[in-house]
Amino acid sequence: MTTRILALTAATTLGAFAGEKKDIVEIASSNDDFSTLVAAVKAADLVETLQGEGPFTVFAPTNEAFAKLPDGTVDMLLKPENKDKLASVLTYHVVPGKVMAADVSTGEVKTVNGDTAMIKVDGDTVTIDSAKVIKTDIVASNGVIHVIDSVIMPAEDEEAE
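The shown structure was predicted, so the numbers you read here are calculated from the model rather than taken from an experiment.

Student: An account of the overall build of the chain is requested, with residue identities and associated values reported.
Tutor: A tally of regular secondary structure across the chain gives seven helices and seven strands. Look at the contacts in the chain between residues 6 or more apart in sequence, and 63% of them connect residues 24 or more apart. With an accessible surface of roughly 8,800 Å², the chain has 53% of that area assigned to carbon and sulfur atoms.

Student: Before we move on, could you go through the environment of Met153 and cite the residues and values that matter?
Tutor: For Met153, the location among the structural elements is in the segment after strand E7 (143-148). Residue Met153 is classed as buried on the basis of its relative accessible area of 2%. In this structure the C-alpha to C-alpha distance between Met153 and Ser130, which are 23 residues apart in sequence, comes to 9.3 Å.

Student: Could you give me a rundown of the nonpolar core, with the residues and numbers involved?
Tutor: Counting residues in each nonpolar core, the largest one holds 31 residues, and the members touching the most others are Phe34, Leu37, Leu50, Val58, Leu90 and Val151. Where this core is concerned, the elements lending two or more residues are helix H2 (24-29), helix H3 (35-43), strand E1 (56-61), helix H5 (63-67), helix H6 (73-78), helix H7 (83-91), strand E6 (131-140) and E7. Listed in part, the twelve residues of the second largest apolar core include Tyr92, Val104, Ile128 and Val133.

Student: I'd like to hear about the side chain of Thr91, residue by residue, with values.
Tutor: Inspection of the secondary structure assignment puts Thr91 in helix H7. The exposure class of Thr91 is buried, given its relative accessible area of 14%. At a separation of 3.3 Å, a polar atom in the side chain of Thr91 contacts the main-chain carbonyl oxygen of Ser88. Ignoring any residue separated from it by four or fewer positions in sequence, one finds Thr91 in contact with Leu46, Thr111, Val112 and Asn113.

Student: Residues and numbers for the sheet that holds E1, please.
Tutor: With mixed pairing, seven strands are arranged side by side in an open sheet as E2-E1-E7-E6-E5-E4-E3. The sheet terminates laterally at strand E2 (94-96) and strand E3 (107-110), the two strands that pair on one side only. Across this sheet, the average inter-strand angle for adjacent strands is 35°, counted without regard to direction. Bridge count for strand E5 (residues 125-128) against E6 is two bridges, and the pairing is antiparallel. Residue pairing for E6: Thr127 is matched across the bridge by Lys132.

Student: Explain the pairing of E7 to me, and be specific about the residues and the numbers.
Tutor: For E7, the tally of buried residues reaches six of six residues, placing the bulk of the element in the interior. Pairing analysis gives six bridges linking E1 to E7, with the strands arranged parallel. Residue pairing across strands places Thr57 opposite Val144, the latter belonging to E7. Between the antiparallel neighbours E6 and E7 lie two residues.

Conventions used here
- Residues numbered from 1 in each chain as written.
- Predicted model: local features only at pLDDT ≥ 70, side-chain atom pairs only at ≥ 80, totals over all residues.
- Heavy atoms only, no water.
- Helix = DSSP H or I, 4+ residues; strand = E, 2+ residues; numbered from the N terminus.
- Contact = heavy atoms within 4.5 Å.
- Areas by Shrake-Rupley, 256 points an atom, 1.4 Å probe, with all protein chains shown as cover.
- Buried < 20%, exposed > 50% of the residue type's maximum accessible area, 1.4 Å probe, protein only.
- Core = buried A, V, L, I, M, F, W, Y, C linked by side-chain atoms within 4.5 Å.
- Polar contact = N/O pair within 3.5 Å; in protein donor to acceptor, adjacent residues only side chain to side chain.
- Pairing = 2+ DSSP bridges.
- Axes fitted to C-alpha atoms, helices over the stretch in contact; angles between N-to-C directions.

This is the structure in structure tokens:
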């Protein structure tokens, strides 16, 4: 509980220190734990979208989450010829609207790529598909980020896992 409060305080303080809240891309770009995610967002030409008005809820995988994928998967997805597939994977991590942790409940959610993901709440543990939410409620000017420990794949891309 203390860690969660400290994380929320740090996120809030960082946003206030900047004068105004940063957008989702600015927050991710300022955190080394999201360098792979940021590189992927750039490769998929989704920077402007995720800097848009939103609001968006992003389930953001860390570098460690990307490292769990089979060898070569990230490199394959980052190739220019796989831009559409990469965009599909990334937008599967985004839900329209601003959904704070307190508002999350078990059930299916429609993602920005059009597929549905399964959210499961079990006590203090929340998962989206096979990924565990490890940090919540990083508030951005255009939505919220929840950090996850694994990359989730839309149904048609599960063979890439």
